[in-house]
Amino acid sequence: MTTELHLLAAASDEPVDSLSPAQKEALQRGVAKIVALGAQVGVSADQMVELLKAGLTVGELLEYLTARSEEGA
């Protein structure tokens, strides 16, 4: 499974396979935006997957990334 699919699976409450094509597309766009933000602040997609596996919620991950971006500003 690719890193993007791992992040998709971690970000979704439902198994990725059970989502409709439109839901998968929307989720992929959202994940791409999160990955881009992570890259800007020095957090790789693999690191984000590990943070989510460790128990961070997607909201907490976004707060963490936002805080890191504010540190660099």
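Our structure's up above, just so we're on the same page.
Residues numbered from 1 in each chain as written. Predicted model: local features only at pLDDT ≥ 70, side-chain atom pairs only at ≥ 80, totals over all residues. Heavy atoms only, no water.

A. Representation of the overall build of the chain. Secondary structure assignment for the chain yields four helices and zero strands. The N-to-C order of helical and strand elements in the chain reads α-α-α-α. When the 73 residues of the chain are sorted by exposure, 22% land in the buried category. Here the contacts in the chain between residues at least 6 apart in sequence split such that 52% fall between residues at least 24 apart. By element, 54% of the accessible surface of the chain is carried by carbon and sulfur atoms, the whole surface being about 4,800 Å². (Helix = DSSP H or I, 4+ residues; strand = E, 2+ residues; numbered from the N terminus. Buried < 20%, exposed > 50% of the residue type's maximum accessible area, 1.4 Å probe, protein only. Contact = heavy atoms within 4.5 Å. Areas by Shrake-Rupley, 256 points an atom, 1.4 Å probe, with all protein chains shown as cover.)

B. The arrangement of helix α3 (residues 45–53) in detail. Within α3, burial applies to Ala-45, Met-48, Val-49 and Leu-52. For α3, the angular spread of buried residues about the axis comes to 105 degrees, placing them on one side. Of the residues trailing α3, Gly-55 is marked for its positive phi of about 120 degrees. (Arc of directions from axis to C-beta.)

C. Looking closely at the nonpolar core. Membership of the largest hydrophobic core is limited to seven residues, which are Ile-34, Val-41, Val-43, Met-48, Leu-52, Leu-61 and Leu-65. The set of elements that each furnish at least two residues to this core consists of α2 (21–41), α3 and α4 (58–72). Ignoring sequence-local partners within four residues, the contact set of Ile-34 consists of Met-48, Val-58, Leu-61, Leu-62 and Leu-65. (Core = buried A, V, L, I, M, F, W, Y, C linked by side-chain atoms within 4.5 Å.)

D. Looking closely at the packing of α3 against α4. α4 packs onto α3 with a crossing angle of 135 degrees between their chain directions and a minimal axis gap of 10 Å. With respect to their mutual orientation, α3 and α4 come out oblique. The two elements α3 and α4 meet at a crossing, and its hand is right-handed. Here Met-48, Leu-51 and Leu-52 of α3 lie close against α4, whose contacting residues are Val-58, Leu-61, Tyr-64 and Leu-65. (Axes fitted to C-alpha atoms, helices over the stretch in contact; angles between N-to-C directions. Parallel < 35°, antiparallel > 145°, perpendicular 65-115°, else oblique. Left-handed = near helix turned anticlockwise from the far one by under 90°.)

E. Structural detail: α2. Here α2 contains 21 residues, and its C-alpha end-to-end distance of 30 Å stays within 8% of the 30 Å for a straight helix at 1.5 Å per residue. Within α2, burial applies to Val-31, Ile-34, Gly-38 and Val-41. An end-on view of α2 places all buried positions within 75 degrees of arc, on one side of the element. Away from its buried face by more than 90 degrees, α2 exposes Pro-21, Ala-22, Lys-33, Ala-39 and Gln-40. After α2 finishes, the residue Gly-42 shows a positive phi value of roughly 85 degrees. (Expected span 1.5 Å × (residues − 1).)

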